[in-house]
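# Structure assessment
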Amino acid sequence: MKPGDQIHVRACKADGTVYRSWFATIESVTADSIVTIAPAGSSVFNIKGEDYPILHHYRAYYWFDKFYNLLEIFETSGELIHIYLNIASPPELGNGGMSFKDHELDVSKVFPGQARLVDEEEFAEAVVKYRYSQEFQQKMYAAAREALELAENWKARPVPVFP
């Protein structure tokens, strides 16, 4: 796995069900993280196997020791318009790609606004459906607090260069 390689990314529910997937290009890889890019027009596949094109350029940061991943969303002109963090498991590599379990809690910062916690009702449903323990819930809210701070202080690099 090296910069320029294509990787299949799978977003899963807590039970492992893939609900969304896409192909992205690896921008960088370190021992701690992987960064991918996907240009506007790239296909995203939903749980039904239907695909739809993304409207913006995306750069995604996945840390192997964090319970969130971060998306930078750019206009096609290159302007950063949105930071979005999925509260999720660290990524796992295998089966020809990378996957993470989305725990339904998210952080969103639409510029020029402030970062905010979103989808708490979806998280509450997931708590019941997947029987998240009190300890796990606290861990996810701690990750969300860290993600809120990260979103507020994030310094994006310029729009990615697409192959």
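Here's a quick rundown of the structure. Counting restarts for each chain, with residues numbered from 1 along the sequence as it is written. This being a predicted model, a pLDDT of at least 70 is required before a residue's local features are given, and a value of 80 or more before pairs of side-chain atoms are given or counted; all residues contribute to the totals for chains, interfaces and linings. To obtain the side-chain values, all non-hydrogen atoms of the structure were used and water was disregarded.

## What about the environment of L71?
What counts is decided by this rule: A run of DSSP states H or I qualifies as a helix once it reaches four residues; a run of E qualifies as a strand once it reaches two. Both are numbered from the N-terminal end. Only protein chains enter the calculation, and the probe is 1.4 Å; a residue is then buried if its accessible area is under 20% of its type maximum, exposed if over 50%, and partly exposed in between. Two residues form a contact once any of their heavy atoms are found within 4.5 Å.
With respect to the helices and strands, the residue L71 is situated in strand β7 (residues 68-74). Taking the relative accessible area as the measure of exposure, L71 reaches 16% and is therefore buried. Those residues in contact with L71 that lie beyond four places of it in its chain are Y58, R59, A60, H82, I83, Y84 and N86.

## Digging into the packing of aromatic side chains
Two aromatic rings, taken as a pair, are described by how far apart their centres are and by the angle between their planes. Put simply, the test is: Aromatic rings from Phe, Tyr and Trp, taking only the six-membered ring of Trp, are treated as a pair when their centres fall within 6.5 Å; an angle between ring planes under 30 degrees marks them as stacked, one over 60 as edge-to-face, and anything in between as tilted.
All told, the structure shown has 9 aromatic pairs when counted by the stated rule. With centroids separated by 5.9 Å and ring planes inclined at 15°, the aromatic side chains of Y61 and W63 adopt a geometry described as stacked. With centroids separated by 5.4 Å and ring planes inclined at 90°, the aromatic side chains of F123 and Y141 adopt a geometry described as edge-to-face. With a gap of 18 residues between them, F123 in helix α1 (residues 120-129) and Y141 in helix α2 (residues 134-153) connect regions that are remote in the sequence. Under the relative-accessibility criterion, F123 is labelled buried at 2%.

## Topic: the side chain of S108
Put simply, the rule reads: Counted as a polar contact is a pair of N or O atoms within 3.5 Å, where, for protein atoms, one must be capable of donating a hydrogen and the other of accepting one, and residues adjacent in sequence contribute only when both atoms are in side chains.
Here S108 lies in strand β10 (residues 97-110). There is a polar contact of 2.7 Å between the side chain of S108 and the side chain of H82. For S108, the residues in contact, after removing those within four places along its chain, are H82, I83, Y84, Q114, A115, R116 and V118.

Just geometry here; none of it tells us what the structure is for.
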